[in-house]
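Read off the chains here:
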Amino acid sequence: MSEKIEETHQKGHLEVEEAEHHEHKDEISPELEALLQTDVKHGLTTAEAAERLARFGPNELAEVKRNPFLKFLGYFTGAIAYLIEVACIISAVVKDWLDFGIILGLLLVNACIGFIEESKAESALDALRQTLALKTRCWRDGHLVELDVAALVPGDIIVLRLGDIVPADGRLLGIGATGEATEGDLLIDQSALTGESLPVAKNKGKTVYSSSIVKQGQQMAVVTKTGGDTFIGRAANLISITTEEGHFQKIINRIGNFLILITVVLVVIIMIYQLVHFKGTENGKFLTILRKILVLTVAAIPVGLPTVMSVTMAVGAKQLAAKKVIVKRLTAVEEMASVSVLCSDKTGTLTLNELTFDEPYLANNYSSEDILLYSYLAAEAGANDPIEFAVRTAAEEQLEILKGRTHKHEVPGFKVTSFLPFNPSTKLTQATVTKLETNSTFKVAKGAPQVIIRLVGGDDDAVRAVNSLAKRGLRALGVARTVEGNMDQWELIGMISLIDPPRPDSAETIRRCGEMGVSVKMITGDQLIIAKEVAHRLGMQRVMLDAGHLVDADKSEDEITEHVIRADGFAQVIPEHKYRVVELLQKRGILVGMTGDGVNDAPALKKANVGIAVHGCTDAARSAADIVLLAPGLSTIVDGLMTSRAIFQRMRSYALYRITSTVHFLMFFFVVVMAYDWALPAHLLILICILNDLATLVIAVDNAQISARPDKWRIGQLITMSIVLGICLSALSFAHFFIFWKHFGYEPVDHDAPEVDRKLESIMYLHISSAPHFVIFSTRLTGYFWENLPSPIFAVVIIGTQIIALLMVIFGGLTPKVPAGQAIVVLLISFIYFIILDVVKVQMFKRWSFELTAAMVPTSARRTKLASRKAANIQQQRVWDSIDAVRKVAVMTAVVSTFQEKNHVVVAGSKAELEE
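Residues numbered from 1 in each chain as written. Predicted model: local features only at pLDDT ≥ 70, side-chain atom pairs only at ≥ 80, totals over all residues. Heavy atoms only, no water.

Asker: Could you give an account of the sheet that holds strand E9 (residues 219-225), with specific residues and numbers?
Answerer: Ordered by their spatial adjacency, six strands build an open sheet running E2-E1-E3-E9-E4-E7, and the pairing between neighbours is antiparallel. Edge positions in the sheet fall to strand E2 (143-148) and strand E7 (207-208), since each has one partner strand and no second. The pairing of strand E4 (residues 169-172) with E7 spans two bridges and is antiparallel. Note on E7: the bridge partner recorded for Gly170 is Val208. (Pairing = 2+ DSSP bridges. Helix = DSSP H or I, 4+ residues; strand = E, 2+ residues; numbered from the N terminus.)

Spelled out as structure tokens, the structure:
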């Protein structure tokens, strides 16, 4: 007997290591702590509750709704919009109703597109309110009453039972509804709040959070925080304060500010000059000059820019909708093209948020099928427990004998004669089973690893296996059965391992994002060891940090930001931490995407440049996001990146073309108006503006060259290239103006002159309509135009527009007639000239660099950035030099080692020969 005890002792001297659970701790002020000392058998009095309700407010989230009319008016703001609106007002003052109608129409079209596309979005705060419980059981005045959750106050004693949604943040009291001591822990599912994939066991003194769900047990708790002070309330507050101007709106405003500056400066100079030059004459009257200036202003400003941009994004949103990617905020389509870091929640986003069987540890020659069968026999049917559900689901999917059963609660060949459900004190379930074939009876048990190992008399190999699984973040369950013929002797079958597995397409999505220059960072509320295991399975690096690195008081914000940039992810975070990660990256000028599915992701989804809510997400996440995925998995994110980059290229090409046209127009007419007091008639200028901008709407369906890296608006480059191309176009315009005036005798006469004397109008109309318009064939790409030819419909519409202009000047009507030969030559020159400008554009792109930008416009920010880049390059070179040095030493060491081995062999051979 003593030998048997000794054998058992040797067999089981190791112990299972309990995995430490890290959880966010809420701070309770001394003043609030004093209010929590409520008599648990009596609760608060009605008077106390009323006084606290007045002090702390109702237990609900403040509702903030934006007036739809004010939201619509918001689409009339911005630099370009303001300039267009001023032009609209001036046209009404001078009673130019045609211009007034056209300008007002464009403003309304642009606003309606944005408003209609974005009006589908729901309020994120509304969705957060829907996740809260509506009624709860609470002790008041010595009675257990059912109460609206809005009436709860700090200090209330509430009862939490299986299936309840926790109505407010509270501290568990460790006692039941009538004051009796409770056995075991309360099992809480807080995955939607914290991102933890496994339910969390909580006992006396632990905090339960509002809107989490009770999965097992029952206890009373004292309410600690309500409304906006709760865990979920702070998330709602982060959403409500995130109202920053979008990245795309900033870009459009910067382009608009440049165009406004040059337009206003040149127009004011012309106005002052004409007021002085024509003083005392009919042409010197203020309204007369204002009418002339208005026409130039309307023709110069890109009234169609917002509309073309909106239509392009709307077409892209429709393309994404066909792939089950719903765009809620239109400008997110463009911003996604510039995203270089994609922060992703883990639970439910990268993973399935379902516990599933992983590779088990097996003992005593049992197989995977055996452990599944025995764990199924010991599983409680219908239990509302994720672990029991995972066990039953895995067995039913993988075991042949469980498929095609007529009675779902029976196991063919076996009969469960008695069953002991899970007990918090024993921490196991146990079944007595009869094998029908042999009529033999045995017991099978399933439960906590340490309990099962103790039941079988100890097993060090099993302990090592459990500890190994725990270090990888896997949940283990032991399974054992009694041996044949002895109902008291147990033997170990093995250890089930459970994990929330990655989605089938997550690893491929991360790999493809990496190929497209988008770095993926996992940000999860789950435990660090689980995050590292999932990261490994997804092919990510394991540089995972805990949330403490984000709030380290000993480090500067720059140091913390460096940690964020270099890390592959963060674990054990709360919503504020996710929000901070996004915020720190954005402060470095990085455009950030965020994917998520839970309430805890909502603030970061709202803060990110592009928030993406995945399939099966909560209402809170869906409402806070800019893009919603309707199909399971993340593969559609890659589709979104591809589509957004195509849209970006179209928008950038249009912006370059439109700014070039504006610069060209203003340069040419500034000179001719100042020198010769000549300009095209108002109707021709408006015709160019409307026809050409309407034609360029088809850029929304043009072929686009998708970039391999994230796109970026380089405003300095865009404006510089526009000025250079605008100067080149102006040179061609002056050539036409003077050649047809001096050589062909088409003089720049007043608009009241006979039609036969106004042929210069037709020539310049055709040239100014066609030359800048053909440039759009070049601005489509950074390379030569033939590297990616335009779509047929795009080419037909652009060329067709200019053929209409050609026919107008040949046959007359709106313009004086000119010889067909001259008109065709003008059109051909415009077409050939865009090829010359294409070469200029390519050479500028090749020679352009950040160093050039910093040298041309040396702002302090650019100088600082340039210095940091140079320092980083020097540091990187040192690293490579060190690596090369180490590599050389390693090679030399290997050579010397090989040489010594050969010498040793030769010497040994010589000795052997001498001995012989």
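Having seen the structure, we can now continue with the description.
Asker: Can you break down unusual backbone geometry residue by residue, with the values?
Answerer: One non-glycine residue with positive phi stands out, namely Asn365, at about 65 degrees. Its relative accessible area of 81% is what places Asn365 among the exposed residues. Even without being glycine, Asp677 reaches a positive phi, approximately 50 degrees. By the secondary structure assignment, Asp677 is in the loop between helix H25 (635-676) and helix H26 (682-695). (Buried < 20%, exposed > 50% of the residue type's maximum accessible area, 1.4 Å probe, protein only.)

Asker: Describe in detail the pairing of strand E15 (residues 428-435), supporting the description with residues and values.
Answerer: The element E15 is extensively covered by neighbouring structure, given that seven of its eight residues are classed as buried. For E15 and strand E16 (residues 440-447), the ladder comprises eight bridges, and the chain directions are antiparallel. What sits directly across from Thr429, in E16, is Lys446. The antiparallel hairpin formed by E15 and E16 contains four residues in its connecting segment, where Asn439 sits at a positive phi of about 60 degrees.

Asker: An account of the pattern of salt bridges is needed here, citing residue identities and associated values.
Answerer: All chains considered together, the criterion is met by 22 salt bridges. A salt bridge links Arg511 to Glu515, with the nearest nitrogen and oxygen atoms 2.3 Å apart. Residue Arg511 and its partner Glu515 are both found in helix H19 (residues 506-515); the two are separated by four residues, about one turn of the helix. One salt bridge in this structure joins Lys578 and Asp601, with 2.4 Å as the shortest N-O distance. Here Lys578 is found in helix H22 (residues 575-587), whereas its partner Asp601 is found in the loop between strand E22 (592-596) and helix H23 (602-607), with 23 residues between them in sequence. Judged by its relative accessible area of 1%, Lys578 is buried. (Salt bridge = Lys/Arg side-chain N within 4 Å of Asp/Glu carboxyl O.)

Asker: Would you mind going over helix H28 (residues 759-774) in detail, with residue names and values included?
Answerer: In an α-helix, one turn spans 3.6 residues, which is why side chains three or four residues apart end up on the same side. Here H28 is 16 residues long and its end C-alpha atoms lie 23 Å apart, about the 22 Å a rise of 1.5 Å per residue gives. Summarising burial for H28: 15 of the 16 residues are buried, a large majority. (Expected span 1.5 Å × (residues − 1).)

Asker: Explain the confidence of the model for the protein residue by residue, including any values.
Answerer: Chain-level statistics for the protein give a pLDDT mean of 80 and a share of 87% at 70 or above. Highest mean pLDDT in the protein belongs to E16 (92); lowest belongs to helix H1 (residues 2-11) (36). Between residues 1-10, whose pLDDT stays under 50, and residues either more than four places distant or in other chains, the model counts two contacts. In the model, residues 120-129 has pLDDT below 50 throughout and makes 27 contacts with residues more than four positions away in sequence or in other chains. (pLDDT = per-residue confidence, 0-100. Contact = heavy atoms within 4.5 Å.)

Asker: Which residues make up the nonpolar core, and what values do they have?
Answerer: Grouped together as the largest cluster of nonpolar side chains are 127 residues, with contacts concentrated most on Ile255, Met309, Met522, Ile627, Phe669, Leu680 and Trp713. Here the element with the most residues in this core is H25; it accounts for 18 residues. Beyond its immediate stretch of four places on either side in the chain, Met309 contacts Phe248, Ile252, Met651, Tyr654, Ala655 and Trp713. Counting 35 residues, the second largest nonpolar core, distinct from the first, contains Phe231, Ile232, Leu550 and Leu585. (Core = buried A, V, L, I, M, F, W, Y, C linked by side-chain atoms within 4.5 Å.)

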